[in-house]
Structure formats: structure tokens, C-alpha cells
Amino acid sequence: MSNILTLRGRGPLVPPVLAALAILGCIALAVTEQYLFFLFGMLFTLLLLGVPIAVSLGGSSLLYVVLSGSVPEVVVAQRMISGIDSFPLLAIPFFILAGNLMNNGGITSRIFDFAKALMGWMRGGLGHVNVGASIVFSGMSGAAVADAGGLGTIEIKAMREAGYDQEFAVGITAASSTIGPIIPPSLPMVIYGVMASVSVGQLFVAGLVPGLLMGLVLMLMIFFLARRRGYQRDAAFSWSVLWQTFKRAILSLFTPIIIVGGIMTGAFTPTEAAIAAVVYALFLGGVVYRILTWRRLLKVSMETIETTAVILLIVAGASIFAWILTSNQVAQQVVNLLGPLADNPVATLIIINIVLIIVGCFMETIAAITILVPVLLPLAVASGVDPVHFGVIMVLNLMIGLLTPPVGMVLYVLSRVSNISFEKCMRGTLPFLIPLVISLLLVTFIPAISLWLPTLVYQ
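Cut-offs used in this document
All residue numbers here refer to positions counted from 1 along the written sequence of the relevant chain. Since the coordinates come from a predicted model, pLDDT governs what is reported: local features require at least 70, and pairs of side-chain atoms require 80 or more to be given and counted, while whole-chain, interface and lining totals use all residues. To get the side-chain values, all heavy atoms of the structure are used, and hydrogens and water are removed first. Here an axis means a line fitted to C-alpha atoms, over the contact stretch when the element is a helix, while the angle between two N-to-C directions is reported on a 0 to 180 degree scale. Each helix is a run of DSSP H or I of at least 4 residues and each strand a run of E of at least 2, with the numbering of both proceeding from the N terminus. Comment on the angle field: the value is read as roughly parallel under 35 degrees, roughly antiparallel over 145, roughly perpendicular from 65 to 115, and oblique elsewhere. Note on convention: near helix rotated counterclockwise from far helix by under a right angle means a left-handed crossing. Clockwise means right-handed. The contact criterion used throughout is that any non-hydrogen atoms of two residues lie within 4.5 Å. All the domain ranges listed were derived from an automatic or database domain assignment. Salt bridge, as applied in this entry: a Lys or Arg side-chain nitrogen positioned within 4 Å of an Asp or Glu carboxyl oxygen. For every residue, the accessible area (1.4 Å probe, protein chains only) is compared with the maximum for its type, and the residue is labelled buried under 20%, exposed over 50%, or partly exposed between those bounds. Here a helix's expected span is defined as the number of its residues, less one, multiplied by 1.5 Å. Think of it as the arc spanned by the lines of direction from the helix axis to the C-beta atoms. Working definition: a ring pair exists when centres of Phe, Tyr or Trp rings (six-membered ring for Trp) sit within 6.5 Å. Plane angles under 30 degrees give stacked, over 60 give edge-to-face, the rest tilted. Whether a charge sits over a ring comes down to the Lys NZ or Arg CZ being within 6 Å of the ring centre and within 35 degrees of the ring normal. Note on residue classes: Ala, Val, Leu, Ile, Met, Phe, Trp, Tyr, Cys and Pro are nonpolar, Asp, Glu, Lys and Arg are charged, and everything else, Gly too, is polar.

Chemist: Explain the packing of helix H9 (residues 166–177) against helix H20 (residues 409–418) to me, please; I cannot follow it from the model alone.
Modeler: Axis angle and axis distance: for two packed helices, these are the angle between their axes and the distance between the axes, and together they describe the pair. Put simply, H9 and H20 touch, their axes get as near as 10 Å, and they point 135° apart. With respect to their mutual orientation, H9 and H20 come out oblique. In terms of crossing hand, the pair formed by H9 and H20 is right-handed. Touching Val-170, Thr-173, Ala-174 and Ser-177 of H9 are Val-410, Leu-411, Leu-414 and Ser-418, all from H20.

The following block contains the structure:
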């Protein structure tokens, strides 16, 4: 995963003239002492210049503190440290490590083979297999890029060899990978839970039904496109093959049962479930399957350390940014500005969804959550939206953002592993944005989809 999440920028996203104008605008805001507008202007200027997100967040916040003189500069370091000083955040490195171990320990290939035997007989079979495998793997990793980078390599290769159009193969792989952070465990929901002071366990349980709904709607789109494009069944159904692949995958399939079941029954906290997932993945890859060598384990460990460091740097940078917004009562100003809509939850949720979709196009998921939760959550709560329900809405919105340029992290990953251009990846993904948006609307306006299971489990 170290080649997926890095601290390096991708170069300027705008022409030099526009970049110069943006910088001049920030200088003008600083001179006129419009420091809060300067904070936002500097953040987006740095992002447009291709500066890494963690540096953009921390740098713009530091410049705000220096120019405004509101607090001593040392507060920036203190707030960044306190932003990552949280027990639930310990789940992040363990879930990342578990996902990496599964990708390198022979678990993902067994899951794919079982899903193919189970679902390959349907029209457009490997498309359905793609979604089914992602649903199973989502119960292990909790990250869309891990799904795309691990299962994606296997799925795209198999679909190409079976004669599927490569854009279709990449498109459904990209769309199905977004299920990963919805079905528990989920790294974005851990971050949201910390920022919103909401139970991570309830958030995990709340994502289960919406994640399955996303898979169902994606499979309906696959069935429609398969009929339209003439894709046939990829394998005849065979009980013997299903049994053989099930026997090979049964120990792997216990992983989501351990994680999700442990959380739902109260046997584990989310952090303890992450540790249990790592121990079980080590046992499978190193003892049972004997694929995980010491060399691979060292490689996986280094990738996990690098990825965790990147994520925590983003959280630290976003924490000081969010603290500045909270100190300036930006959330209250937003609530007052949109006060007339507070009595209309539908209008409020429409506006919030639009904002999140737009932000998701330009900002990394974890940074977006840490910045926007202090601003949007009070508005949602004032409109009567449950914080757990809002968390699922926010994460689902930002997952769609992973499939949209200019950031489109999943598209960059799949472009690399499939060796096709970013533009073709984007074109192949477009039809599958429709079922994802339909799922988003259903989850947004039917709260029971998210809240029914948490209410049942935590009553």
C-alpha cells in the first residue's frame, strides 16, 4: 500500500497563471486581515499547487496562527499531537496491517475463487464475482484502496482473460472497492467516530446493511450492462467446484465473521477486533497457507508503517485546522446561515450531500472527514439527523469521491495495476456511478437502512 498512499504531491493541478492569482488573493486576504478566509484560501491554493494534503493542512493552519496572533505558535504542535492521541485510532494501523497480510498471504485469491464458483454462472458472471469478492474482503480490510490494489489485480486480470472489455473490468472493480469502507471494519468510520464522539462500534454495525445494498444495486447494473453488451455466463454451476473452493476459502471466510461478529456481540472493541484480525491473518498466511515468508512479512510491515504514518499525519494536520474552525465558531455560523432549513431535514441533507460530493472530488477522504465533521455535523443534528446515520452518509459520499477526478485515488490505483490510462479508467467507471448515487439517496432518505441494525444490536 505504500505505493498507493504517499506524501508526495502530483504536481500543480492548475496553470501557473491561475496559481499566481490564487497566491496573490491569499496575500490580499492576509493584508486586509481576513484571516479566516485566508485560511481556506491558502489551503485550497496549496492543494491546487500539488502540495501534499498533510502539509497543506498543517501549513495553512500555521500561517493563520502566525498572522492572526490569536494563540502562541506552540499551540499548533500541541493540537496536532492531541489530534492523534486517541485510543480508537489504534485500530487504523492494525486494520491496515491485516489488509496487507491478507493481500500477501494467499487469502484474497481463495476468496476470489470461491466467489467465482458461487456466482460465475450468472450473466456477466465475473462482474458479479467482482462485487461478491469485494463484499467479503470489505469485512477484512476497511479501505477502498486496499481492495482496489489487492483484489483488483486478480479481478481485472481474470476479466480480461475471459474477454470482458477492459474499461468495464476496471469500472466495476473501482465501484465495488467503495463497499470496503462501508461494511465493517472501516478506517473512515474510525476517524469519523473520533471526530464526532460517536461509538465506532455503532458506526460499524450501521454500515453493514448499506454496504450490502450497494452490492445489490451494483449487481443489478452489471446484469443490465451484460445483457446490453452480450456478456455471457463464465462458468457452469458445479456443486463439486463450489465445495472444493469453499474448503480452500473457509478459513479465510472466518476473518469477517471474527471481526464483525466480535464487534456485534460485544466480545471485541473495534481496536481489539483489528488486533484479532492481524493475529488471525498471520496464522493463516504463515502457518496454514505458508505463503507469508519472513521477507514478505518485513515488506508488509514497512508498507503498513508508511501508510499509517501518512494517515496519522493527515489526521494531525486536519486536527489543528478543525480546531481553528471550532474556535472561530464556523459551525455555528453555518447553522445560523442555513437556519431556515433546520426545520426541513430533506433540504439540509440535499445540501450536505452536494457539499460532500464536491469536496470528495478534490480532497482525500480522511482529511475531508476531519475538516467537515465540526462544520456539518452540528447542522445535521440541528435538523434532526442521527449522528450515526450522518456518519454513514458522509463516508458513502466520500467513497464516491474516490472515483471522481481530479483526486480519484481509486482510479489512480487501478490505472497503475491495470496498465491503462486514467482517462479510460474514468470512462469505464462512469456507468457505475449511477447505482452508487442511487444507493446514496436510499441511505440518505431512508434512515432505517443505517439505523435498524444498530438499534437492534445496541438497544
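After that view, the rundown keeps rolling.
Chemist: What should I look at first to understand the domain arrangement of the protein in this one?
Modeler: Often the size quoted for an interface is simply the accessible area lost on bringing the parts together. What the domain assignment lists for the protein is domain 1 (12–85) and domain 2 (88–307). For domain 1 versus domain 2, the separation of C-alpha centres amounts to 38 Å.

Chemist: Can you help me understand the pattern of salt bridges in this one?
Modeler: When the charged atoms of two side chains with opposite charge come close together, those side chains can pair. The final tally for this structure, using the stated rule, is three salt bridges. Residues Glu-303 and Lys-299 are paired through a salt bridge, measuring 2.9 Å at the closest nitrogen-oxygen approach. Residue Glu-303 and its partner Lys-299 are located together in helix H15 (residues 294–327), separated by four residues, close to a single helical turn. Exposure remark for Glu-303: the relative accessible area of 11% places this residue in the buried category. In this structure Lys-299 comes out as partly exposed when scored by relative accessible area, which is 43%.

Chemist: So what exactly am I meant to see when it comes to helix H1 (residues 16–31) here?
Modeler: For an α-helix, 3.6 residues make a turn, and residues three or four places apart therefore share a direction. In this model, H1 (16 residues) spans 23 Å end to end at C-alpha, consistent with the 22 Å of a helix rising 1.5 Å per residue. Among all positions in H1, only Ala-19, Cys-26 and Ala-30 are buried. Projected down its long axis, H1 carries its buried residues within an arc of 40°, all on one side. Turned more than 90 degrees away from the buried face of H1, the exposed residues are Val-17, Leu-21, Leu-24 and Val-31. Glu-33 lies just past H1 and shows a positive phi near 60°.

Chemist: How should I be thinking about the packing of aromatic side chains in this particular structure?
Modeler: The relation between two aromatic rings is expressed through the spacing of the ring centres and the mutual angle of the planes. A full pass over the atoms with the stated rule returns seven aromatic pairs. Both rings, one in Phe-40 and one in Phe-321, keep their centres 5.7 Å apart while their planes meet at 90°; by these two values the pair is edge-to-face. One end of the pair, Phe-40, is in helix H2 (residues 35–48); the other, Phe-321, is in helix H15, with 281 residues separating them in the sequence. Between the aromatic rings of Tyr-164 and Phe-168, the centroid separation amounts to 5.9 Å while the plane-to-plane angle is 10°, which identifies the pairing as stacked. A single burial state applies to Tyr-164 and to Phe-168, both of which are buried. Linked through ring pairs, Phe-114, Trp-243 and Phe-246 together constitute an aromatic cluster. Seen from the ring of Tyr-289, Arg-110 lies directly overhead, with NZ or CZ sitting 3.6 Å from the centre.

Chemist: Just to check I follow, could you spell out unusual backbone geometry for this structure?
Modeler: In this chain, Pro-184 is followed by Pro-185 through a cis amide linkage whose omega measures 0°. With respect to the secondary-structure elements, Pro-185 resides in the loop between H9 and helix H10 (187–196). With phi around 55°, Arg-290 is a residue other than glycine that occupies positive phi space. Along the polypeptide, Arg-290 turns up in the loop between helix H14 (270–288) and H15.

Chemist: So what exactly am I meant to see when it comes to the packing of helix H17 (residues 345–362) against helix H21 (residues 422–445) here?
Modeler: Packing of H17 against H21 leaves a shortest axis separation of 11 Å and a crossing angle of 140°. At the point where H17 passes H21, the crossing takes the right-handed sense. Contacts between H17 and H21 involve Val-346, Leu-349, Ile-350, Asn-353 and Ile-357 on the former and, on the latter, Leu-440, Thr-444 and Phe-445. Among the residues forming the contact of H17 with H21, the class breakdown is six nonpolar, two polar and no charged.

Chemist: Can you help me understand the environment of Leu-220 in this one?
Modeler: Note on placement: Leu-220 falls in helix H12 (residues 208–229). Overall, the relative accessible area of 56% leaves Leu-220 in the exposed class. Remark: the alpha-carbon pair of Leu-220 and Thr-293, spanning 73 residues in sequence, is separated by 41 Å.

Chemist: Is there a simple way to think about the environment of Trp-239 in this case?
Modeler: Here Trp-239 lies in helix H13 (residues 239–265). Remark: the alpha-carbon pair of Trp-239 and Gly-124, spanning 115 residues in sequence, is separated by 20 Å.

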